[in-house]
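Here is how the chains run, residue by residue.
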Amino acid sequence: TILAQLQAPIHLLASSHASTNTRTPSIMSGTPAPVGLNGMDLIIDGWFHERGEMWPGQAMSLKVEKVLDHHRSEFQDVLVFESEKHGNVLVLDGVIQVTERDEFSYQEMGAHLPLFAHPNPKRVLVIGGGDGGMLREIARHPGVEEIVECELDKDVIEVCKTHLPSLAKGYDDPRVTVKIMDGAKFMDENQDAFDVIITDSSDPIGPASVLFEMPFYNAMYKSLREGGIICSQGECMWLHVDVIQPLVNCVKEVFTTVEYAYTTIPTYPSGQIGFIIATKGKAEGCSKPNRKPSDEIQKQLRYYTPEIHEASFVLPAFAKRAIFGDSA
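What counts and what doesn't
- Residues numbered from 1 in each chain as written.
- Predicted model: local features only at pLDDT ≥ 70, side-chain atom pairs only at ≥ 80, totals over all residues.
- Heavy atoms only, no water.
- Pairing = 2+ DSSP bridges.
- Helix = DSSP H or I, 4+ residues; strand = E, 2+ residues; numbered from the N terminus.
- Axes fitted to C-alpha atoms, helices over the stretch in contact; angles between N-to-C directions.
- Parallel < 35°, antiparallel > 145°, perpendicular 65-115°, else oblique.
- Contact = heavy atoms within 4.5 Å.
- Nonpolar A, V, L, I, M, F, W, Y, C, P; charged D, E, K, R; others polar.
- Buried < 20%, exposed > 50% of the residue type's maximum accessible area, 1.4 Å probe, protein only.
- Polar contact = N/O pair within 3.5 Å; in protein donor to acceptor, adjacent residues only side chain to side chain.
- Core = buried A, V, L, I, M, F, W, Y, C linked by side-chain atoms within 4.5 Å.
- Salt bridge = Lys/Arg side-chain N within 4 Å of Asp/Glu carboxyl O.
- Phe/Tyr/Trp six-rings, centres within 6.5 Å; stacked < 30°, edge-to-face > 60°.
- Lys NZ or Arg CZ within 6 Å of the ring centre and 35° of its normal.
- Right-handed = clockwise from strand over helix to strand, strands pointing away.

Trainee: Describe in detail the sheet that holds strand E2 (residues 47-51), supporting the description with residues and values.
Mentor: Note on sheets: strands pair through backbone hydrogen bonds, and any given pair is parallel or antiparallel. Ordered in space as E1-E2-E3-E4-E5-E6, the six strands form an open sheet in which the pairing is antiparallel. Only two strands of the sheet have a single neighbouring strand rather than two, namely strand E1 (43-44) and strand E6 (95-99). Where E2 and strand E3 (residues 59-72) come together, five bridges link them in antiparallel fashion. If you follow glutamate 50 over to E3, its bridge partner there is methionine 60.

Here it is in structure tokens:
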């Protein structure tokens, strides 16, 4: 039942995907991760191999030219390497977070879908996103007055400033304030405060599993202003509909509208990742943009367009049925 789903952690509803790998495991939990995976062990014969139990039977490999940084932060294994064809690559706990070649598709869509769906966003909160890419994209909106980022692992920020400056330049915008703290705690202390909240989150396991549970979505709802929009990393429709569907059902019980959109990105599992986009008191949803980029801004973008905005909400039949039911 919906009540049971609201009470149960999503990572328990999707227990068949339990894993120790996460996409950005530093986002929220204040508990340091146990010493475990060593990213250097995944480089074999000059190739980095990403394997994970959330995408069983498949792997992603990139040829390594040079290791630029490897250390263990307080929370996770941090690896940065220069690849042959994908530029510099950030890997956290063995999972690819960013490559310079294709990062723009995720960053642009994660930021611009909710921001252009909102008529006049002034205050924006990012949970996670330590690489700075979301900040870079949000900063393209001149009407935004304040951007707050909550990231737990300061090492991620510093490593990206050194080795991924094209993303980390987002930190240079004077509207940006960085909080090295638990995002849920910050939202509890700042209610009815933000027009848009973007969660650049991990997979629903390990320290960040709480980001796929209803208490976190309730915290986002309370921190949103009326008419506000949230956008959360929504996993992969090819691999994770058993995670997406119960979460969407639960979120429907709290938010005014809930929709699912996606983007393509070659170095994420199955080349695709989705976004759960929900509104507070905005009945028309977010599948059509309220605003459009200026000609100047559109020339800077490499993925997002108003046409892609609308198209990203059009799901293949199997995914639409799996996530929203046969009647959708």
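Trainee: Break down the packing of helix H9 (residues 241-252) against helix H12 (residues 317-324) for me, with residues and values.
Mentor: For the pair H9 and H12, interaxial distance at closest approach is 8 Å and the crossing angle is 50 degrees. Comparing their axes, H12 and H9 come out oblique. Contacts from Val241, Ile244, Gln245, Val248 and Lys252 in H9 reach Ala322, Ile323 and Phe324 in H12. For the contact of H9 with H12, a count of residues per class yields six nonpolar, one polar and one charged.

Trainee: Account for the side chain of glutamate 103, naming residues and giving values.
Mentor: Relative to the helices and strands, glutamate 103 is located in helix H3 (residues 103-117). What makes glutamate 103 buried here is its relative accessible area of 3%. Only 2.9 Å separates the side chain of glutamate 103 from the side chain of arginine 136, close enough to count as a polar contact. Those residues within four positions of glutamate 103 in sequence are excluded, and the remaining contacts are Val98, Arg136, Leu167, Ile265 and Arg302.

Trainee: Break down the nonpolar core for me, citing the residues and quoting the values.
Mentor: Judged by nonpolar contacts, the single largest core of 43 residues is most densely connected at Leu90, Leu113, Ile138 and Ile277. Examining the composition of this core, we find that seven residues originate from one element, H3, more than from any other. When residues no more than four places from it in sequence are discounted, the contact partners of isoleucine 138 are Ala111, Leu115, Val124, Val126, Val144, Ile147 and Ile198. In this structure, Met181, Ile230, Phe255 and Ile276 belong to the second largest nonpolar core, which totals 32 residues.

Trainee: Account for helix H5 (residues 154-163), with residues named and values stated.
Mentor: Listing the buried residues of H5 in full gives Val156, Ile157, Val159, Cys160 and His163. Buried positions along H5 lie against E3, strand E4 (77-83), strand E5 (88-92), strand E8 (146-150), helix H6 (165-168) and strand E9 (176-179). N-capping of H5 is provided by aspartate 153, with a side-chain oxygen placed 3.0 Å from the backbone N of aspartate 155.

Trainee: So, the sheet that holds E9: which residues are in play, and what are the values?
Mentor: Ordered by their spatial adjacency, seven strands build an open sheet running E9-E8-E7-E10-E11-E13-E12, and the pairing between neighbours is mixed. Here the strands that pair on one side only, and so sit at the sheet edges, are E9 and strand E12 (257-264). Adjacent strand axes in the sheet meet at a mean angle of 15 degrees, parallel and antiparallel pairs treated alike. Looking at chain direction, strand E11 (residues 224-233) and strand E13 (residues 272-279) are connected through five bridges and run antiparallel. Paired with cysteine 231 across the strands is isoleucine 277, a residue of E13. Sitting on the sheet, helix H8 (residues 214-223) is in contact with strand E7 (123-128), strand E10 (194-200), E11 and E13, with an inclination near 145 degrees to E11.

Trainee: Outline the pattern of salt bridges, listing residues and values.
Mentor: One pass over the structure, following the stated rule, counts twelve salt bridges. Here arginine 136 makes a salt bridge to glutamate 103, at a shortest N to O gap of 2.9 Å. Of the two residues, arginine 136 is situated in helix H4 (residues 133-138) and glutamate 103 in helix H3; the sequence distance between them amounts to 33 residues. When salt bridges with common partners are traced through the structure, they connect Glu103, Arg136, Glu137 and Arg140 into a single cluster.

Trainee: Describe the packing of aromatic side chains, naming the residues involved and giving the relevant values.
Mentor: Counted by the stated rule, this structure contains seven aromatic pairs. Between phenylalanine 186 and phenylalanine 194, the ring centres sit 6.1 Å apart and the planes meet at 40 degrees, which makes this aromatic pair tilted. Per residue, the accessibility class of phenylalanine 186 equals that of phenylalanine 194, and both read buried. One aromatic cluster is present, formed by Tyr106, Tyr268 and Phe275 through successive ring pairs. In this structure, lysine 280 is placed above the aromatic ring of tyrosine 221, and the distance from its NZ or CZ to the ring centre is 4.7 Å.

Trainee: Provide a residue-level description of the pairing of E8, including the pertinent values.
Mentor: In terms of burial, E8 is a largely internal element, four of the five residues being buried. In terms of strand pairing, E7 meets E8 through five bridges, oriented parallel. Looking across to E8, one finds that isoleucine 127 is bridged to cysteine 150. Read from E7 through H4 to E8, the crossover connection turns out right-handed. Inspection of the sheet shows E8 paired to E9 by four bridges, in the parallel sense. Looking at E9, one finds that isoleucine 147 is bridged to valine 176.

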